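Listed here are the chains, written in short residue letters.
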Amino acid sequence: QVQLVESGGGSVQAGGSLRLSCVASGYIYGSNRCMGWFRQAPGKEREGVATIRTADGYTYTSRTVDGRFTISQEYDKNTIYLQMNSLKPEDTAIYYCASKVAGSCWVHPSEFNNWGQGTQVTVSS
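Figured I'd write up the structure that's included with this text.

Rules used throughout
- Residues numbered from 1 in each chain as written.
- Predicted model: local features only at pLDDT ≥ 70, side-chain atom pairs only at ≥ 80, totals over all residues.
- Heavy atoms only, no water.
- Helix = DSSP H or I, 4+ residues; strand = E, 2+ residues; numbered from the N terminus.
- Buried < 20%, exposed > 50% of the residue type's maximum accessible area, 1.4 Å probe, protein only.
- Phe/Tyr/Trp six-rings, centres within 6.5 Å; stacked < 30°, edge-to-face > 60°.

### Thoughts on unusual backbone geometry
Part 1: One non-glycine residue with positive phi stands out, namely Asp-66, at about 55°.
Part 2: Mapping Asp-66 onto the fold places it in the loop between strand S6 (59-61) and strand S7 (69-74).
Part 3: According to the relative accessible area criterion, Asp-66 is exposed, its value standing at 61%.
Part 4: Backbone geometry at Asn-78 places phi at a positive 55°, although glycine is not the residue there.
Part 5: As for its position among the elements, Asn-78 is in the loop between S7 and strand S8 (79-84).

### With respect to the packing of aromatic side chains
Part 1: In this structure the tally under the stated criterion is five aromatic pairs.
Part 2: Taking the centre distance of 5.0 Å and the plane angle of 55° together, the rings of Phe-38 and Trp-115 count as tilted. Placement of Phe-38 in strand S4 (residues 33-40) and of Trp-115 in strand S10 (residues 114-115) is noted, with a sequence separation of 77 residues between them.
Part 3: Note on Phe-38: relative accessible area 0%, which makes it buried.
Part 4: For the ring pair Tyr-60 and Trp-106, a centre distance of 4.5 Å and an interplane angle of 45° mean the geometry is tilted. Residue Tyr-60 is found in strand S6, and its partner Trp-106 is found in the loop between strand S9 (93-101) and S10; the two are separated by 46 residues along the sequence.
Part 5: Residue Tyr-60 is classed as partly exposed on the basis of its relative accessible area of 27%.

Structure below.
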């Protein structure tokens, strides 16, 4: 079975930082895949935060988070990260790791077919 396991969520003060990790297993990481971070706040639709194409490292980050968030990968560890700096209360959400067959990576969440369980990020004022 394909598994994506997120970690690193927690509670921080506004302006703080967190690094989320997602370890993929059950398939060959980097073999023509997109990996992504998404988030969902209560009452809101799930939205893309950042994606990375594992084969070449191409990334896209939502303009909503400006340059505050950075997605990266450790290719040989089947792991992606989301470094979140200058966190704001509006960043509070459940953050999900997801994957899909590569192509366009910056697509609607419904295009991703493998999902982690999510990790809660709470940013307080």
